[in-house]
Amino acid sequence: MSHSCCPLKKATGFCHCWHVEKRSSLKSDSFKIEEIVNETGCLSIIVLGASGDLAKKKTFPALFNLYRQGFLQSNEVHIFGYARTKISDDELRNRIRGYLTESADAKEGVSEFLQLVKYVSGTYDEPEGFQALDAAIAEHEISTNTAEGTSRRLFYLALPPSVYPPVCTMIKAHCMNKSDLGGWTRIVVEKPFGKDLESSEELSTQIGSLFDEPQIYRIDHYLGKELVQNLLVLRFANRMFVPLWNRDHIDNVQIVFREDFGTDGRGGYFNEYGIIRDIIQNHLLQVLCLVAMEKPVSLKPEHIRDEKVKVLQSFLPIEDDEVVLGQYEGYTDDPTVPDNSNTPTFATMVLRLHNGRWEGVPFIMKAGKALNSKKAEIRIQFKDVPGDIFRSKKQGRNEFVIRLQPSEAMYMKLTVKQPGLEMQTVQSELDLSYTQRYQATVIPEAYERLILDTIRGDQQHFVRRDELKVAWEIFTPLLHRIDNGELKPIPYKAGSRGPEEADALLERAGYVQTHGYIWIPPTL
Ligand SMILES: NC(=O)C1=CN([C@@H]2O[C@H](COP(=O)(O)OP(=O)(O)OC[C@H]3O[C@@H](n4cnc5c(N)ncnc54)[C@H](OP(=O)(O)O)[C@@H]3O)[C@@H](O)[C@H]2O)C=CC1
Ligand SMILES: O=C1O[C@H](COP(=O)(O)O)[C@@H](O)[C@H](O)[C@H]1O
C-alpha cells in the first residue's frame, strides 16, 4: 500500500494516516447442493404481466444484471414479455430501458440485452395469446439449439394472484417444454399467495393440479436479501451464538419494516390486502423463521424448509390485546381507496412460540407505511445482567441488531467503560458495516439472486406449500377479525413513528428502549 499521503512519514518513517484496508478474507468454497446441476442449452424466460410495476422495477432489471454478469448468455437466453396491453417489442424495450442501470459501466450492455427481449400480447384466459407465445418461444428454441438441444422455460408470473389459475392452465395446455431431449418448465409466483387460509389453499390446489411442487417457485424476495441469507451462517457457523440464542438469554426479538412513503399509486391493490398480508405474513414471518428455527440436518432445501415449518407450527394464537393497528392520515385520499377503509397501513403485534427454545420470548413484528424512516431490521435484545454492579441497566441492554436495509450491517450494542479517568459506563457497539468492510463488493439485488436460483433449480430460498399453509393458519383468524371490522386501525400522521399505542405495546412486551444512544452507519 502506498503511504505517500502522510506528511509525517518522512520524519518518523511511519505512516500515521488511518487506512481502511481492502482485506481479502478466508473464504470457504461456495456451497453447492448436490442435486443442482449447471445446465446449458436454450433458456426462455417469460415475464407475464410485463406491462406492470414489478416487471419494470424489479424483474427486468434483475434479468439485466444477471445478463451483465454473464449468468445469462446471449447465445442461450431469450426473454419474452407477455401482457394484454398492445405494445410492440420496441415499446416494451423503451418502457424498461430507464430502469435497467444507474452505473455508467453497465450502459453498453443495455442495448444488447434489450435485443434479447420480445413482446407478445394476449389475454390471460384464452388459448390464442398463449399459442402465439408458444410459437415465439419455439422459434427461438429452434434457432438457438443445435439438433440435440434442450429447452428450459421459466414463466415468471408478475401478475395479480387472481389470474394465476387461468394463466397456469394456459401454460400447461399450450406452453410446456416439448423437447424430448431434456429441459424443464418452471413457474415463479409472487406473493401475496391468497388472502387467507382458504383462498390460499384453493390457489395451491388449482396450481398443484397443473404443476408438481418442484416446478413451483413461490418467491418471497426478502429471502433473497444478503443479510437474510446470512442468518443461517451467523447462527450455525459461530460458536459464540450457540449458547446464547434461546429464552435463557434473549428477552425479546423485534422484526421491523418501515417505509417512509405511502401506497404510492398502489392503493387499489393495497386496500384489498393491508400491511399484514403485504409484509408481515410473508416477508417478516420468513425472517422470523430463520431467526427462530433449529439447526437443519444439512443445507439441503428440504431440510431447511422442514425446520421452518416446525417453527410455524409452534405459534400460539395471536391475542387482540397484543396487536396495534394504524392507518396513516390521507390514505383514503387515493381515489382507488374507499373513504371508510378499515385497512391497516401499520401493525405491531406480538407473536409467541410454544417450544423449548423460545417459550416466553415475545417476537414483536412491526411494519408500517408512511412512517418517519425507511429501514428493515432484526433486533435481538438480551436480558439484564444479573447483579449489575455498574447499574448500567439504565443505559440500555445488550442488543444484537441485523440491519437488512439500507446500509446493511450487523452491530452488537455493548456497555463499555467511557474512555477517561473516571470509571463510567457508556453504550457503544461492535460494528460490521458492509459498505466499510466489503468495499469492493456489490451486494446483489434480492430478485437477481432468486431468479438465478430458479434457473439453477434451487428451492432453498422459496416457500414450500406446507410452509405457506401454516403461515396463513397463524394470521387468518386475526385477518378475519380485521376484515369484519372487529379491530380498527388508529389514525397516525404520515411521517410519524406510527400510533403511540405501538410503543406502549412494545414496552408491555418487555422491550427496553436505549435512551441517548443511536447507531450511526459509518461513512468511508
Ligand atoms: N410492485 C411491487 O413492488 C411488488 C409486487 N409484488 C407482486 O407482484 C405481482 C405483480 O405486481 P405489480 O406489477 O405491482 O402489479 P400490476 O398491478 O402492475 O399488474 C401487473 C400487470 O398485470 C395486469 N393486470 C393488472 N390487474 C389485472 C387484473 N385485475 N386482471 C388481469 N390482469 C391484470 C396488467 O397488465 P395488462 O393489463 O397489460 O395485461 C399489469 O400491467 C403481484 O402479485 C404483487 O403482489 C410483489 C412484491 C413487490
Ligand atoms: O413486497 C413488497 O415489498 C416492498 C418492499 O420491498 P423492499 O425490498 O423495498 O423492502 C413493499 O414496498 C411493497 O408494498 C410490498 O408489496
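Scroll up a little and you will see the structure.
Quantities reported herein were computed from a predicted structural model and do not represent experimental measurements.

*Asks:* Can you explain the overall build of the protein chain? Please cite residues and give values.
*Replies:* Counting secondary structure elements, the protein chain contains 14 helices and 15 strands. Radius of gyration (C-alpha) of the protein chain: 25 Å, near the 24 Å computed for a compact globule of 524 residues. Projecting the C-alpha coordinates of the protein chain onto the three principal axes gives extents of approximately 80 × 70 × 45 Å. Taken across its 524 residues, the protein chain has 52% of its residues classed as buried.

*Asks:* Residue-level account of the site of ligand 1, with values.
*Replies:* Around ligand 1, 21 residues are found, and the nearest of them are S51, D53, L54, T85 and Y124. Within the contact set of ligand 1, an oxygen atom lies 2.7 Å away from a backbone nitrogen or oxygen of L54. Measuring from an oxygen atom of ligand 1, one finds a side-chain N or O atom of Y124 at 2.6 Å. Here ligand 1, which alone exposes 860 Å², has 75% of that area covered by the protein. Grouping the constituent residues of the shell around ligand 1 by class yields 12 nonpolar, 4 polar and 5 charged.

*Asks:* With reference to specific residues and values, describe the side chain of R93.
*Replies:* Among the structural elements, R93 can be located in helix α3 (residues 89-97). At 2.8 Å, the side chain of R93 forms a polar contact with the backbone oxygen of V117. Among residues more than four places away in sequence, those in contact with R93 are L114, Q115 and V117.

*Asks:* Run through the nonpolar core, naming residues and quoting values.
*Replies:* Most often, soluble globular proteins have nonpolar side chains that are buried together. Residues F60, I171, I276 and M349 are the most contacted members of the largest nonpolar core, which totals 147 residues. Considering every element that reaches this core, the biggest residue donor is helix α9 (residues 267-292), with 13 residues. Every residue in contact with F60, bar those within four places of it in the chain, is listed here: V47, A50, A55, I79, L92, I96, L100, F113 and V117. Listed in part, the 5 residues of the second largest apolar core include V401, A409, Y411 and W519.

*Asks:* Before we move on, could you go through the pairing of strand β9 (residues 346-352) and cite the residues and values that matter?
*Replies:* Each regular strand shows side chains that alternate between the opposite faces of the sheet. Burial runs high along β9: 6 of the 7 residues are buried. Sheet topology places strand β8 (residues 323-328) next to β9; 4 bridges connect them, and they run antiparallel. Counterpart to L325 in the pairing with β9 is A347. Of the strand pairs in this sheet, β9 and strand β10 (residues 362-368) are connected by 7 bridges, and their pairing is antiparallel. Bridge assignment links F346 to a residue of β10, and that residue is G368.

*Asks:* Give me the pattern of salt bridges: which residues, what numbers.
*Replies:* Overall, the coordinates contain 32 salt bridges when judged by the stated rule. The shortest N-O distance in the salt bridge between D134 and R153 comes to 2.7 Å. A residue pair is termed long-range when its members are at least 10 positions apart, and D134 in helix α5 (residues 127-144) and R153 in strand β4 (residues 151-157) qualify at 19 residues. Taking relative accessible area as the criterion, D134 reaches 14% and is therefore assigned buried. Of the residues examined, R153 reaches a relative accessible area of 1% and is grouped as buried. The closest approach of N and O atoms between R357 and E294, which form a salt bridge, is 2.7 Å.

What counts and how
- Residues numbered from 1 in each chain as written.
- Chains lettered and ligands numbered in written order.
- Predicted model: local features only at pLDDT ≥ 70, side-chain atom pairs only at ≥ 80, totals over all residues.
- Heavy atoms only, no water.
- Helix = DSSP H or I, 4+ residues; strand = E, 2+ residues; numbered from the N terminus.
- Rg over C-alpha atoms; globule rule 2.2 N^0.38 Å.
- Buried < 20%, exposed > 50% of the residue type's maximum accessible area, 1.4 Å probe, protein only.
- Near = heavy atom within 4 Å.
- Polar contact = N/O pair within 3.5 Å; in protein donor to acceptor, adjacent residues only side chain to side chain.
- Areas by Shrake-Rupley, 256 points an atom, 1.4 Å probe, with all protein chains shown as cover.
- Nonpolar A, V, L, I, M, F, W, Y, C, P; charged D, E, K, R; others polar.
- Contact = heavy atoms within 4.5 Å.
- Core = buried A, V, L, I, M, F, W, Y, C linked by side-chain atoms within 4.5 Å.
- Pairing = 2+ DSSP bridges.
- Salt bridge = Lys/Arg side-chain N within 4 Å of Asp/Glu carboxyl O.

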